[in-house]
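Examination of the molecular architecture
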Amino acid sequence: MTQPAIQPATERMLPTLTDLNRPYWTGGADGQLHVQYCDACSNWMLPPVATCPGCGGVPQFRPVSGRGTVFTYTTNHQPFHPKIPPPNLIAVVTLAEQDDLRVMTNLINCAEDDISVGDDVVVRFENHGEVYYPVFEPAEAGK
Ligand SMILES: [Zn+2]
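A quick note: this is a predicted structure, and the numbers were derived from the prediction, not measured.

Calculation rules
Residues numbered from 1 in each chain as written. Predicted model: local features only at pLDDT ≥ 70, side-chain atom pairs only at ≥ 80, totals over all residues. Heavy atoms only, no water. Buried < 20%, exposed > 50% of the residue type's maximum accessible area, 1.4 Å probe, protein only. Helix = DSSP H or I, 4+ residues; strand = E, 2+ residues; numbered from the N terminus. Pairing = 2+ DSSP bridges. Donors = N, O, S within 2.8 Å, 3.2 Å for Na, K, Ca; no water. Tetrahedral: all angles 85-135°; square planar, octahedral: opposite > 155°, others 65-115°. Salt bridge = Lys/Arg side-chain N within 4 Å of Asp/Glu carboxyl O. Polar contact = N/O pair within 3.5 Å; in protein donor to acceptor, adjacent residues only side chain to side chain. Axes fitted to C-alpha atoms, helices over the stretch in contact; angles between N-to-C directions. Contact = heavy atoms within 4.5 Å.

**Observations concerning the pairing of strand β1 (residues 34-38)**
Where burial is concerned, most of β1 is hidden: five out of the five residues are buried. A two-sided burial pattern is seen for β1, the buried positions comprising H34, Q36 and C38 on one face and V35 and Y37 on the other. Here β1 runs beside strand β3 (residues 60-63); their pairing, made up of four bridges, is antiparallel. Residue H34 lies in a different strand from β3, and its bridge partner there is P63. Here β1 pairs with strand β2 (residues 43-45) via three bridges, running antiparallel. The partner of Q36 across the bridge, within β2, is M45. Hairpin connection of β1 to β2: four residues between the antiparallel strands, including S42 at a positive phi of 50°.

And the structure:
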């Protein structure tokens, strides 16, 4: 039996925006995911930080490719919050830019049976007011 594809959320519990995290959560307005990069030690980092944990430098936000692979995922069937109806796919995605650059996210436009660890995914954004919440879909879904 074919499972229905999980759709983007129409509502979410949204992050509190700060000067530090605002570029990450709102940067998707231009269709790109923005992640901090440290020029001093050539390192991408998530979540947003004031100083680079590697060298103490000041990282800057830059757009990334939006491509990644599924590091791990699970299907949630519990209705933990009324704004997030189950089922939903909770995932950790490794961004293409760096082996240890990972983002906690949701997978959309696919069903549990459509996805596997290591699959290629691409970023999409759910727009919730000022926030552009990054989620990922199978790379082949956008073709
Ligand atoms: Zn650094």
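**Quick word on the coordination of the zinc ion**
Coordination of the zinc ion by the protein comes from C38 (SG), C41 (SG), C52 (SG) and C55 (SG), over a distance range of 2.2 to 2.3 Å. Viewed at the metal, the four donor atoms of the zinc ion are separated by angles of 100 to 120°, and the geometry they form is tetrahedral. Of note, the donors binding the zinc ion are all from one chain and are spaced C-x2-C-x10-C-x2-C. Assessed through its relative accessible area of 1%, C38 is described here as buried. With a relative accessible area of 31%, C41 lands in the partly exposed category.

**With respect to the pattern of salt bridges**
Counted under the stated rule, the structure contains four salt bridges. For R62, the salt bridge is made with D39, and the minimal N-O distance between the two is 2.4 Å. Linking R62 in strand β3 with D39 in the loop between β1 and β2, this pair joins segments that are 23 residues apart in sequence. For R62, a relative accessible area of 32% corresponds to the partly exposed category.

**Section: the side chain of E137**
Tracing the sequence through the fold places E137 in strand β8 (residues 131-138). A distance of 3.0 Å separates a polar atom in the side chain of E137 from a polar atom in the side chain of R124.

**Some words on the sheet that holds β3**
Spatial ordering of the open sheet is given by β2-β1-β3, a layout of three strands whose pairing is antiparallel. In this open sheet, the two strands that pair with only one neighbour each are β2 and β3. Averaged over all pairs of adjacent strands, the angle between strand axes in this sheet comes to 45°, irrespective of strand direction.

**Points about the environment of P87**
Tracing the sequence through the fold places P87 in the loop between β4 (67-76) and β5 (88-95). For P87, a relative accessible area of 43% gives the class partly exposed. Those residues in contact with P87 that sit more than four places away from it in its chain are I6, T75, N76 and H77.

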